[in-house]
Amino acid sequence: MEQGSVSRETLAAQALGEADPVSGGLAPVISPATNYERQVDGSYRQDRVYTRADNPTYELAERVLAALEGADCACAMFASGMAAATAVFQSLLPGDHVLVSRVLYWGVRKWLAEFALTWGLDVEFTDTTDLGAVAAAIRPGRTRLLWVETPANPMWEVTDLAAVCALAHAAEVRVAVDNTVATPVLTRPFEHGADLVVHSATKYLNGHSDVLAGAVLTARRDPFWERIRSWRRNAGAVLGPFEAWLLQRGMRTLFLRVHRASESALAIATQLSGHPALTQVLYPGLPSHPGHKIAVRQMSGGFGGMLSIRLAGGAEHATAVLQAVRVFKRATSLGGVESLIEHRAAVEGPSSPVPADLLRLSIGIEALGDLVADLDAALGEAAP
Ligand SMILES: Cc1ncc(COP(=O)(O)O)c(C=O)c1O
């Protein structure tokens, strides 16, 4: 299917219209081979040698995601979101200064805290929603990467991508955006100037809580991109063909799922606002959210399926609500078809900066009435 002639929604639904070239089957084939046969003259039919370097099944998933994120970008799939994120950091050089969103997925923060120092990176956390703080933190000639997550886990802070990209680029700093939560359905960071986009494809892209996968995309095929690809090839954090096949299938319904989750999340956040058992409902779609105005500019078609609530009764009430839900699943992760609820501070451990009264909700695609009724009953039942 010719890209540009149809919408991204259609490209996703038809996995770019690619069919099995042998049978004409509309579902693409899986290529599980790890190695490829040499011809008598020593050459390879398609220049493929070994699956750690390239594989047709994950290349299809890469082409689909690249088509969704933006014109002319390139994509590399990884074995997980963390493998994708760390490939970017590990492609930097010892001594490089890296600026990272203060609020972000804890796994990235934990990896940076445990390994970046020994890797020789100089990591500094900064509030990327505060442009003055970003400008002050950039060290011209030393800062090599600005890492932004938006909306950011678990307060859903929104960073103005166009503004931070302009600041970073003026100092020749590359900007990487973790677009896991917004997905290309709602935000396309390349359109706002990002150089790299990173995903945990485990979440919305696959959407069914049954595949671990990650992706890095680049606006330019430059030497840094070649380093990231070389890291994947040589360190071996590749996505398996079966997972890649499931991922391309999951992405076919990405738009439907993300739109539905966003609509339900907005309805739930609106309904919960002002609830006497809550001190705060954190959702970028609410006008009361500090990032709302930027979100309106930067996100199109919804504000995502993630929200957090803070309980007036503190950690004890939060635990009681967790115990009282019947429809929501008590589980970590996000972006699946089923709605999830979790106590982030407990998941992250004693060093977590997340308030103990906060519950994080990932809204799925179930009937909205069931989700609202479940939360309403749990909040009432568990009231201190
Ligand atoms: C925003 C974000 N980025 C990255 C990751 C890491 O992805 P994975 O669990 O696929 O390694 C996660 C996982 O929760 C995430 O929420």
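Residues numbered from 1 in each chain as written. Predicted model: local features only at pLDDT ≥ 70, side-chain atom pairs only at ≥ 80, totals over all residues. Heavy atoms only, no water.

**So, unusual backbone geometry**
- For the bond from Thr-150 to Pro-151, the omega torsion is -15°, close enough to zero to count as cis.
- Within the secondary structure layout, Pro-151 lies in the loop between β4 (143-149) and α6 (161-170).
- The step from Asn-153 to Pro-154 runs through a cis peptide bond, and the omega angle for that step is -10°.
- Checked against the element boundaries, Pro-154 lands in the loop between β4 and α6.
- A positive phi angle is found at Ala-15, which is not glycine, with a value near 45°. (Helix = DSSP H or I, 4+ residues; strand = E, 2+ residues; numbered from the N terminus.)

**Some points on empty space enclosed by the protein**
- Tallied over the entire structure, the rule returns three cavities of 30 Å³ or more.
- Estimated volume of the largest cavity: approximately 50 Å³.
- If you trace the largest cavity, you find it lined by Ser-101, Arg-102, Val-103, Thr-126, Asp-127, Thr-128, Thr-129, Glu-149, Ala-152, Glu-157 and Thr-159.
- Of the volumes computed, that of the second largest cavity is approximately 40 Å³.
- Considering the residues around the second largest cavity, the lining is formed by Arg-174, Asp-195, Leu-196, Thr-218, Arg-220, Asp-222, Phe-224 and Trp-225.
- Residue composition of the lining of the second largest cavity, grouped by class: three nonpolar, one polar and four charged. (1 Å grid on protein atoms, 1.4 Å probe; cavity = no way out; pocket = protein on both sides within 12 Å on 5 of 7 lines; lining within 4 Å. Points joined across faces, edges and corners; volume = space filled by probe spheres on them. Nonpolar A, V, L, I, M, F, W, Y, C, P; charged D, E, K, R; others polar.)

**So, the site of the ligand**
- Taken together, 14 residues surround the ligand, and among them Gly-81, Met-82, Asp-178, Ser-200 and Thr-202 come closest.
- Thr-202 places a polar side-chain atom, nitrogen or oxygen, 2.6 Å from an oxygen atom of the ligand.
- Here an oxygen atom of the ligand sits 2.9 Å away from a polar atom, N or O, in the side chain of Lys-203.
- Under a 2 Å grid-point criterion requiring more than half of the atoms, the pocket assigned to the ligand is the second largest pocket.
- In terms of residue class, the shell around the ligand is made up of five nonpolar, six polar and three charged. (Near = heavy atom within 4 Å. Polar contact = N/O pair within 3.5 Å; in protein donor to acceptor, adjacent residues only side chain to side chain. Sits in = over half its atoms within 2 Å of the grid points.)

**Some points on helix α12 (residues 314-324)**
- Along α12, the positions that sit buried rather than exposed are Gly-314, His-317, Ala-318, Val-321, Leu-322 and Ala-324. Along the long axis of α12, the arc covered by the buried residues comes to 165°, so they all point the same way. The exposed residues of α12 that point more than 90 degrees off its buried face are Glu-316 and Gln-323.
- Buried residues in α12 make contact with β9 (306-311), β10 (329-330), β11 (340-342), β12 (358-362) and α14 (368-381). (Buried < 20%, exposed > 50% of the residue type's maximum accessible area, 1.4 Å probe, protein only. Arc of directions from axis to C-beta. Contact = heavy atoms within 4.5 Å.)

**A closer look at the pattern of salt bridges**
- Within this structure, the stated rule accounts for 20 salt bridges.
- Ionic contacts of the salt-bridge type, sharing partners, join the residues Asp-122, Glu-124, Arg-139 and Arg-142 into one network. (Salt bridge = Lys/Arg side-chain N within 4 Å of Asp/Glu carboxyl O.)

**Concerning the environment of Tyr-283**
- Considering the arrangement of structural elements, one finds Tyr-283 in the loop between β8 (278-282) and α11 (292-298).
- Note: C-alpha distance between Tyr-283 and Met-306 (23 residues apart in sequence) is 7.2 Å.
- With residues near it in sequence (within four places) discarded, Tyr-283 still touches Ser-262, Ala-265, Leu-266, Ala-269, His-289, Phe-303, Gly-304, Met-306 and Leu-307.
- A polar contact of 2.5 Å, which involves the side chain of Tyr-283, links it to the backbone oxygen of Gly-304.

**Quick look at the packing of helix α10 (residues 254-272) against α14**
- For the pair α10 and α14, the least separation of the axes is 10 Å and the interaxial angle reads 35°. In the crossing of α10 with α14, the sense of the turn from one axis to the other is right-handed. For the pair α10 and α14, the contacting residues are Arg-260, Ser-264, Ala-267, Ile-268, Gln-271 and Leu-272 in the first and Leu-368, Leu-371, Val-372, Leu-375 and Leu-379 in the second. (Axes fitted to C-alpha atoms, helices over the stretch in contact; angles between N-to-C directions. Left-handed = near helix turned anticlockwise from the far one by under 90°.)

**Things to note about the pairing of strand β6 (residues 196-200)**
- When you tally the buried positions in β6, you get five out of five residues, the bulk of the element.
- A two-sided burial pattern is seen for β6, the buried positions comprising Leu-196, Val-198 and Ser-200 on one face and Val-197 and His-199 on the other.
- Inspection of the sheet shows strand β5 (residues 174-178) paired to β6 by three bridges, in the parallel sense. Counterpart to Val-177 in the pairing with β6 is Val-197.
- Both β6 and strand β7 (residues 214-218) contribute to a ladder of five bridges, which runs antiparallel. Across the sheet, Ser-200 pairs through a bridge with Gly-214, a residue of β7. (Pairing = 2+ DSSP bridges.)

**Let's talk about the nonpolar core**
- Membership of the largest hydrophobic core comes to 93 residues, with the highest contact counts inside it found for Met-77, Leu-146, Leu-247, Ile-309, Leu-359 and Leu-361.
- Looking at this core element by element, the count peaks at eight residues for helix α2 (residues 56-69).
- With residues near it in sequence (within four places) discarded, Met-77 still touches Tyr-58, Ala-61, Glu-62, Leu-65, Gly-214, Ala-215, Arg-232, Leu-239 and Leu-247.
- Phe-78, Ala-85, Trp-147 and Trp-225 belong to the second largest nonpolar core, which has 27 residues in total. (Core = buried A, V, L, I, M, F, W, Y, C linked by side-chain atoms within 4.5 Å.)

**Let's talk about the layout of surface pockets**
- Looking at the largest pocket, its volume works out to about 520 Å³.
- Along the wall of the largest pocket there are 21 residues; nearest its centre are Val-29, Ser-31, Gln-46, Arg-48 and Pro-56.
- At the level of elements, α2 and α9 (241-251) are the ones that each hand at least two residues to the lining of the largest pocket.
- No other element matches α2, which puts five residues into the lining of the largest pocket.

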